[in-house]
Amino acid sequence: MKVRSSLSQRLQKLPPYLFAEVDRRKKAAIQKGVDLISLGVGDPDQPTPPHIVEAARKALGNPAYHKYPFGAGLKEFRGAVAQFMKRRFNVSVDPSDEIYALIGSKEGIAHLPLAVVNPNEVVLVPDPGYPVYQGSTLLADGEVYHMPLIEEYGFLPDLDAIPEPVLERASLLFLGYPNNPTSALATRKFFEKVVRFAKKHQIVVAHDNAYSEMYYDEPPMSFLEVPGAKDVGVEFHSLSKTYNMTGWRIGWICGNKDVVRQLATVKDNFDSGTFEVVQSAGIAALTGPQACVQEMRSLYKKRRDLFVPGLKDLGWNVKMPDATFYVWAHTPQGLSSMETVTHMLDQTGVLCTPGHGFGPSGEGYVRFALTVDVSRLEEALQRLSKLKW
Ligand SMILES: *Cc1c(COP(=O)(O)O)cnc(C)c1O
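The rules we used
Residues numbered from 1 in each chain as written. Predicted model: local features only at pLDDT ≥ 70, side-chain atom pairs only at ≥ 80, totals over all residues. Heavy atoms only, no water. Helix = DSSP H or I, 4+ residues; strand = E, 2+ residues; numbered from the N terminus. Rg over C-alpha atoms; globule rule 2.2 N^0.38 Å. Buried < 20%, exposed > 50% of the residue type's maximum accessible area, 1.4 Å probe, protein only. Contact = heavy atoms within 4.5 Å. Lys, Arg positive; Asp, Glu negative; His and termini not counted. Charge placed at Lys NZ, Arg CZ, Asp CG, Glu CD. Domains from an automatic or database assignment. Buried area = accessible area lost by both parts, 1.4 Å probe. Near = heavy atom within 4 Å. Polar contact = N/O pair within 3.5 Å; in protein donor to acceptor, adjacent residues only side chain to side chain. Areas by Shrake-Rupley, 256 points an atom, 1.4 Å probe, with all protein chains shown as cover. Nonpolar A, V, L, I, M, F, W, Y, C, P; charged D, E, K, R; others polar. Pairing = 2+ DSSP bridges. Axes fitted to C-alpha atoms, helices over the stretch in contact; angles between N-to-C directions. Core = buried A, V, L, I, M, F, W, Y, C linked by side-chain atoms within 4.5 Å. Expected span 1.5 Å × (residues − 1). Parallel < 35°, antiparallel > 145°, perpendicular 65-115°, else oblique. Phe/Tyr/Trp six-rings, centres within 6.5 Å; stacked < 30°, edge-to-face > 60°.

Participant: Would you mind going over the overall build of the chain with me for this structure?
Facilitator: Of the regular secondary structure elements, the chain holds 14 helices and 13 strands. In terms of overall size, the chain behaves like a compact globule, its C-alpha atoms giving a radius of gyration of 21 Å where 389 residues would be expected to give roughly 21 Å. In terms of overall dimensions, the chain has C-alpha extents of about 60 × 60 × 55 Å along its principal axes. Burial analysis of the chain (389 residues in total) assigns 55% to the buried set. Expressed as a percentage of contacts within the chain between residues at least 6 apart in sequence, the contacts between residues at least 24 apart total 75%. In the chain, 43 positive and 43 negative side-chain charges are present, and the distance between their average locations comes to 3 Å.

Participant: For this particular structure, what's the right way to read the domain arrangement of the chain?
Facilitator: Accessible area lost when the parts come together is the quantity often used to give the size of an interface. Under the domain assignment used here, the chain contains domain 1 (9-47 + 291-385) and domain 2 (50-287). Placing the centre of domain 1 and that of domain 2 at their C-alpha centroids yields a distance of 25 Å. Contact residues are listed per partner, giving 36 residues for domain 1 and 33 residues for domain 2. Contact between domain 1 and domain 2 buries roughly 3100 Å² in total, counting both sides, with carbon and sulfur atoms accounting for 59%. On the domain 1 side of the interface with domain 2, the three residues burying the most area are Arg 297, Thr 324 and Phe 358, jointly 19% of the side's total.

Participant: In this structure, what is going on with the site of the ligand? I would like to understand it.
Facilitator: Lining the immediate surroundings of the ligand are Gly 104, Ser 105, Lys 106, Tyr 130, Asn 180, Asp 208, Ala 210, Tyr 211, Ser 238, Ser 240, Lys 241 and Arg 249. Here an oxygen atom of the ligand sits 2.9 Å away from a polar atom, N or O, in the side chain of Asn 180. In the model, a nitrogen atom of the ligand is placed 2.7 Å from a nitrogen or oxygen of the Asp 208 side chain. Relative to its unbound accessible surface of 380 Å², the ligand loses 92% to contact with the protein. For the shell around the ligand, the residue count by class is 3 nonpolar, 5 polar and 4 charged.

Participant: Looking at this structure, how should I read the sheet that holds strand 2 (residues 99-102)?
Facilitator: For sheets, the rule is that strands pair by backbone hydrogen bonds, running either parallel or antiparallel. Across the sheet, 8 strands lie side by side as 2-9-8-7-6-3-4-5; this open sheet has mixed pairing. Single-partner strands in this sheet number two, and they are strand 2 and strand 5 (156-157). Note: strand 4 (residues 143-150) against strand 5, 2 bridges, orientation antiparallel. The residue bridging Leu 149 from the neighbouring strand is Pro 157, located in strand 5. Against the sheet, helix 10 (residues 257-270) contacts strand 2, strand 7 (204-208), strand 8 (233-238) and strand 9 (251-255), and its axis sits at roughly 35 degrees relative to strand 2.

Participant: Got a minute to help me understand the pairing of strand 8 in this structure?
Facilitator: Regular strands show a simple pattern: their side chains alternate between the two faces of the sheet. Within strand 8, 6 of the 6 residues are buried, which leaves the element mostly enclosed by the surrounding structure. Sheet analysis places strand 7 next to strand 8, joined by 4 bridges and oriented parallel. Its bridge partner being in strand 8, Ala 206 is matched across the sheet by Val 234.

Participant: How should the nonpolar core be read in this particular structure?
Facilitator: When a protein is soluble and globular, its nonpolar side chains tend to lie buried together. Judged by nonpolar contacts, the single largest core of 101 residues is most densely connected at Phe 77, Met 85, Leu 124, Phe 307 and Phe 368. Among the domains, domain 1 (9-47 + 291-385) and domain 2 (50-287) are the pair contributing at least three residues each to this core. Beyond its immediate sequence surroundings of up to four residues, Phe 368 is in contact with Leu 39, Phe 307, Leu 311, Trp 316, Phe 325, Tyr 326, Val 327, Ala 329, Met 344 and Cys 352. Of all hydrophobic cores here, the second largest spans 24 residues; its members include Ile 109, Leu 112, Val 123 and Leu 263.

Participant: Hey, could you run me through helix 5 (residues 105-116) in this one?
Facilitator: Structural remark: α-helix, 3.6 residues per turn; residues separated by three or four positions point the same way. Taking 1.5 Å of rise per residue, the 12 residues of helix 5 would be expected to cover 16 Å, and the 17 Å separating its terminal C-alpha atoms lies within 8% of that figure. Most of helix 5 sits out of view: 9 of its 12 residues are buried. Every buried residue belonging to helix 5 is among Ser 105, Glu 107, Gly 108, Ile 109, His 111, Leu 112, Pro 113, Ala 115 and Val 116, and all of these are buried.

Participant: What's the story with the environment of Ile 52 in this structure? I'm lost.
Facilitator: Structurally, the position occupied by Ile 52 is in helix 3 (residues 50-60). Taking the C-alpha atoms as reference points, Ile 52 and Glu 225, separated by 173 residues in sequence, lie 28 Å from one another. Once residues lying within four places of it in the same chain are set aside, the contact partners of Ile 52 are Tyr 243, Met 245, Ala 281, Ala 284 and Ala 285.

Participant: Looking at this model, I keep getting lost on the sheet that holds strand 13 (residues 365-369). Mind explaining?
Facilitator: Spatially, the 3 strands line up as an open sheet ordered 10-13-12, and their pairing is antiparallel. Edge positions in the sheet fall to strand 10 (326-330) and strand 12 (353-354), since each has one partner strand and no second. Running at roughly 45 degrees to strand 13, helix 13 (residues 337-348) makes contact with strand 12 and strand 13 of the sheet.

Participant: Explain the packing of helix 2 (residues 20-31) against helix 13 here, please?
Facilitator: Pairs of packed helices are described in terms of their axes, by the angle between the two and the distance that separates them. Orientation of helix 2 relative to helix 13, taken along the N-to-C sense of each, is 5 degrees, at an axis distance of 11 Å. Taken together, helix 2 and helix 13 sit at an angle that is classed as roughly parallel. Here helix 2 contributes Glu 21, Val 22, Arg 25, Lys 26 and Ala 29 to the contact with helix 13, which in turn contributes Met 338, Val 341, Thr 342, Leu 345 and Asp 346. For the contact of helix 2 with helix 13, the per-class residue count stands at 5 nonpolar, 1 polar and 4 charged.

Participant: I would appreciate a short explanation of the environment of Val 205 in the present structure.
Facilitator: Mapped onto the fold, Val 205 is located in strand 7. Exposure remark for Val 205: the relative accessible area of 0% places this residue in the buried category. As a C-alpha pair, Val 205 and Ala 170 span 35 residues in sequence and 11 Å in three-dimensional space. Look past the residues within four positions of Val 205 in its chain and what remains in contact with it is Leu 173, Val 194, Ala 198, Phe 223, Val 232, Gly 233 and Val 234.

Participant: Can you walk me through the packing of aromatic side chains in this structure?
Facilitator: Describing an aromatic ring pair means giving the distance of the ring centres and the angle of the ring planes. On inspection of all chains with the given rule, the structure shows 19 aromatic pairs. Relative to Trp 252, the ring of Phe 84 has its centre 5.8 Å away and its plane inclined at 80 degrees; by these criteria the two rings are edge-to-face. Of this pair, Phe 84 sits in helix 4 (residues 75-89) while Trp 252 sits in strand 9, and the two are 168 residues apart along the sequence. Take Phe 84 and Trp 252: they sit in the same class, and that class is buried. Taken together, the aromatic side chains of Phe 77, Phe 84, Phe 89 and Trp 252 make up a single cluster linked through ring pairs.

As structure tokens, this is what we get:
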């Protein structure tokens, strides 16, 4: 039998993977023996805190956890989530029908359009934004409308600028603050506007709060803090960045129970739940000592306070981020994102991510991830100081 060799029409709709060229050059540089300083990928460099690893080690011996986990997640996990949402945001979510465990928040985000979007309906997607919002929309036969995030508005989208005919066909709005890649925070006023907007146009709101604990001064808010938010939307949370658990694959959705139930229906058909050993680790993370989270924040603060002023001294147009481990910088000398990344990589071995990979409005920016220690950041600045554009 001959295997069908053409991509499905759905896969053909996905835009070209813009990071492929960067990946290729990165591999070539490593082959050549370049001492690469990788500030590209947003993956914490620190290990998962030991008390969380220990909880998983203990849970591993429990035969009950060796079976299909199916469904919303352990009662204790959902209880821990409810406690966290209350303690941290003063938000009440009911563990019985407003919380659902995910295999990482990416999994839930990627499946959401299948649960709430009909073919040819519009999904409002932030530009620049986490690429999964766009990919999942296209794979669900939805249509992407890019909302530019405007630097003068603190990288919030201008909801009033979305044309009426687009709004009539829109069924889902993705947002994510603290923001990847711009590192911006939302304001309460903006979230209040989002609730009014979503009610008026009957649009489901999906707020991605993966970086809620990765901040420098003011703790960021939950979208669900705003009155009426639960009527219109859900929020995605992740243990990945808060507890250095990207490899474990655990997160949750919470908020509007109809949306939660619809996503659960998609998941019932695609997966069999989150490994209960991993959920046990999640319970330990959420209910255990939180000193590790404060340590994580201090670590990134040291790095930020070295790297961002260093870049400024070298003439880069860049602001101090208030949250996330990302630094979103204008490209120097009016170069394109790609020119900047490839020139920097070739001349210095310092790798960052081209902004246009996050959407057309990311052109003219690059993203640095603060995922190496202070001495390597010093080395990166040292190399960049010798770079001729
Ligand atoms: C890292 C990240 C996530 C978290 O993904 P997980 O699947 O939970 O590891 C979600 N959204 C954004 C914007 C991210 O950068």
